[in-house]
Amino acid sequence: MTKKHLKGIIERMQVFDNTIREILNERLLKLEESFDSNVIFYYGEIHPYFEKSFRDFIEKGKEENDAKNRLAVILNTPGGSVETVEKMVSIIRFHYNEVYFVVPDYAMSAGTILCMSGNRIYMDYSSSLGPIDPQVYNGKEYVPALGYLDQVEKLLEKAKNKTITQAEFLILQNQDLAMLSRYEQAKNLTITLLKKWLVEYKFHDWDEHHTTAGIE
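Summarised in this report is the structure supplied together with it. Only a predicted model underlies this, so the values are computations on that prediction, with no experimental measurement involved.

What follows deals with the sheet that holds strand β2 (residues 70-76). One open sheet accounts for 4 strands, arranged β1-β2-β3-β5; its pairing is parallel. The open sheet has two edge strands, β1 (38-43) and β5 (120-123), and neither has a second partner. Taken pair by pair, the neighbouring strands of this sheet meet at an average axis angle of 20°, ignoring direction. Looking at chain direction, strand β3 (residues 98-103) and β5 are connected through 4 bridges and run parallel. The residue of β5 that forms the bridge with Val103 is Met123. Running over the sheet, helix α2 (residues 51-64) touches β1 and β2 and is turned about 160° from β1.

Below, the structure is given as structure tokens:
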């Protein structure tokens, strides 16, 4: 491939990227009108690495649209760190009194926890929220904390009842106690945040909690 051909490909890619950016900006402006709010789009893993850039982005958006006191978050995520979710909510709620979440596809794990901090959640028939299972980074990847704790609890119960196999005993013996403690901390933090956010944001203006309308 010659330098001329490579330059042409790069130029076409830049035009393509700019076209996508223009279309997205146009759609976001329409959504801002519909929700009467600022609108952001978050796509990808919820990772501590993005905390600072997320804060800077929210602050910049608020400065440019100071009159808006409502934020709509279009969210598409496989999940991630519950500690980062807590930080993101603190940042958002510092600048906005009202927060809507729009889930066009899926918001799993920590993404589901994040949605629980909103005043409203918008989904369609194919949208998905996941089990509220915080994920913890084990040095290689994010793993579901509750899944590990549940399996360890089952092995401990088997050991107590003297029904554990040798293979299961070796698995239990090789567990990292420090990591299990991290899983437990993530679980407890999730429960604390959900209790706080659901009462403070999601259900704070619910005057009717139960109805028998339509039931005979």
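What follows covers unusual backbone geometry. Unlike most non-glycine residues, Asp36 shows phi in positive territory, near 50°. On the secondary structure map, Asp36 appears in the loop between α1 (3-35) and β1. By relative accessible area, Asp36 is classed as partly exposed at 47%. We note that Ser109 has phi near 50°; this positive angle belongs to a residue other than glycine. Looking at where Ser109 falls in the secondary structure, it is placed in the loop between β4 (106-107) and α4 (110-115).

What follows deals with the side chain of Thr190. On the secondary structure map, Thr190 appears in helix α7 (residues 177-202). In this structure, Thr190 is in contact with Val82, Ile113, Ile132 and Pro134, ignoring residues within four places of it in sequence.

With that settled, consider the pattern of salt bridges. In the structure shown here, the tally under the stated rule is 7 salt bridges. Between Glu26 and Lys30 there is a salt bridge, with the nearest N and O atoms lying 3.9 Å from each other. With Glu26 and Lys30 both in helix α1 and 4 residues apart, the pair spans about one turn of that helix. Classification of Glu26 by relative accessible area gives partly exposed; the value is 43%. With relative accessibility at 48%, the residue Lys30 sits in the partly exposed group. As a salt-bridge pair, Glu98 and Arg70 come within 3.1 Å of each other at their nearest N and O atoms. Taken together, the residues span a long stretch of sequence, with Glu98 in strand β3 and Arg70 in strand β2 at a distance of 28 residues. With relative accessibility at 25%, the residue Glu98 sits in the partly exposed group.

For the coordinates displayed, the defined rule picks out 6 aromatic pairs. Each ring, one from Phe35 and one from Tyr100, has its centre 6.0 Å from the other, and the planes form 65°; the classification is edge-to-face. Of this pair, Phe35 sits in helix α1 while Tyr100 sits in strand β3, and the two are 65 residues apart along the sequence. Comparing Phe35 with Tyr100, the two get one shared label, buried. Through successive ring pairs, a cluster of aromatic residues spans Phe35, Tyr100 and Tyr122. Here the guanidinium or amino end of Lys62 rests over the ring plane of Tyr96, the centre of that ring lying 4.7 Å away. Note that Arg93 overlies the ring of Tyr201, its terminal NZ or CZ placed 3.6 Å from the centroid.

Now for the nonpolar core. The biggest cluster of nonpolar side chains holds 40 residues, and the ones touching the most others in it are Phe54, Leu75, Val85, Leu114 and Tyr183. Those elements that provide at least two residues to this core are β1, α2, β2, α3 (82-95), β3, α4, α5 (145-160) and α7. For this core, the element with the highest residue contribution is α7, accounting for 9 residues. In this view, Val85 contacts Ile46, Ala110, Ile113, Leu114 and Trp197; residues no more than four positions away in its chain are not counted. Core analysis: the next-biggest nonpolar cluster, separate from the first, contains 6 residues, Val39, Ala72, Ile74 and Val102 among them.

Criteria and cut-off values
Residues numbered from 1 in each chain as written. Predicted model: local features only at pLDDT ≥ 70, side-chain atom pairs only at ≥ 80, totals over all residues. Heavy atoms only, no water. Pairing = 2+ DSSP bridges. Helix = DSSP H or I, 4+ residues; strand = E, 2+ residues; numbered from the N terminus. Axes fitted to C-alpha atoms, helices over the stretch in contact; angles between N-to-C directions. Contact = heavy atoms within 4.5 Å. Buried < 20%, exposed > 50% of the residue type's maximum accessible area, 1.4 Å probe, protein only. Salt bridge = Lys/Arg side-chain N within 4 Å of Asp/Glu carboxyl O. Phe/Tyr/Trp six-rings, centres within 6.5 Å; stacked < 30°, edge-to-face > 60°. Lys NZ or Arg CZ within 6 Å of the ring centre and 35° of its normal. Core = buried A, V, L, I, M, F, W, Y, C linked by side-chain atoms within 4.5 Å.

Purely geometric stuff here, so don't read any function into it on its own.
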